[in-house]
Amino acid sequence: GGVCVRPGACGLHNLGNTCFMNATLQCLSNSGALRSFFAGSPEAPPPFPTDLSSSPLSMNGRLAREFGRLLAQMWSNSHESCVPTELKSLIG
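Along each chain, residue indices are assigned from 1 in the same order as the chain's sequence is written. With pLDDT at 70 or above as the cut-off, local features in this predicted model cover only qualifying residues; side-chain atom pairs require 80 or more to be listed or tallied, and sums for whole chains, interfaces and linings still use all residues. To get the side-chain values, all heavy atoms of the structure are used, and hydrogens and water are removed first.

Colleague: Just to check I follow, could you spell out the environment of threonine 85 for this structure?
Modeller: Think of it this way: any DSSP run of H or I at least four residues long counts as a helix, any run of E at least two long counts as a strand, and we number them from the N terminus. Here threonine 85 is to be found in helix α4 (residues 85-91). A 1.4 Å probe rolled over the protein chains alone gives each residue an accessible area, and that area as a share of the maximum for its type sets the label: buried under 20%, exposed over 50%, partly exposed in between. Overall, threonine 85 belongs to the partly exposed group, its relative accessible area being 45%. For the pair threonine 85 and asparagine 14, spaced 71 residues apart in the sequence, the C-alpha separation amounts to 9.5 Å.

Colleague: Mind showing me how you'd approach the environment of leucine 87 here?
Modeller: As for its placement among the helices and strands, leucine 87 is situated in helix α4. Look at leucine 87 and you get buried, because its relative accessible area is 2%. Distance from leucine 87 to serine 41, taken between C-alpha atoms, is 21 Å for residues 46 residues apart in sequence. Among residues more than four places away in sequence, those in contact with leucine 87 are Leu25, Leu63, Glu66, Phe67 and Leu70. Residues count as neighbours in contact if any of their non-hydrogen atoms are within 4.5 Å of one another.

Colleague: Got a minute to help me understand the packing of helix α1 (residues 19-29) against helix α3 (residues 62-74) in this structure?
Modeller: Between two packed helices, the angle of one axis relative to the other and the distance separating the axes together describe the packing. It is at 11 Å that the axes of α1 and α3 come closest, and there the two elements cross at 75°. Taken as axis vectors, α1 and α3 run roughly perpendicular relative to one another. Packed against α1, whose contacting residues are Leu25, Gln26, Leu28 and Ser29, the element α3 presents Phe67, Leu70, Leu71 and Met74 at the interface. The nonpolar class holds Ala, Val, Leu, Ile, Met, Phe, Trp, Tyr, Cys and Pro. Asp, Glu, Lys and Arg form the charged class, and all remaining residues, Gly among them, are polar. Residue classes in the contact of α1 with α3 are distributed as six nonpolar, two polar and no charged. Helix axes are fitted to C-alpha atoms over the stretch in contact, other axes to C-alpha atoms as well, and angles between N-to-C directions run from 0 to 180 degrees. Here roughly perpendicular refers to angles of 65 to 115 degrees, roughly parallel to angles under 35, roughly antiparallel to angles over 145, and oblique to all remaining angles.

Colleague: Just checking my understanding: could you explain the packing of helix α2 (residues 32-39) against α3 for this structure?
Modeller: For the pair α2 and α3, interaxial distance at closest approach is 8 Å and the crossing angle is 115°. The angle between α2 and α3 falls in the class roughly perpendicular. For the crossing formed where α2 meets α3, the hand is left-handed. Where α2 approaches α3, its residues Leu34, Arg35, Phe38 and Ala39 are matched on the opposing element by Ala64, Phe67, Gly68, Leu71 and Ala72. Among the residues making up the contact of α2 with α3, the classes are represented as seven nonpolar, one polar and one charged. Take the far helix as your reference; a near helix turned counterclockwise from it by less than a right angle gives a left-handed crossing, and one turned clockwise gives a right-handed crossing.

As structure tokens, this is what we get:
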């Protein structure tokens, strides 16, 4: 087993008034289809990069990549909690 009671039972650090963001991230992370799309699986990489926008006004996939990275970390069963600092900085 890992460090969590079960995979996905990973907490998120509060970065100062981020409890609503963290609650939303926890809910989104428990949607299997969404998680697979952004984080992939042990057998397959995430499929989202083929859908990234190349518009000059886009973030060039930075937000999507960080969201996927955080989801993968949350479900890796190797952390009791994760710190969503980079995602928070991208959101604002």
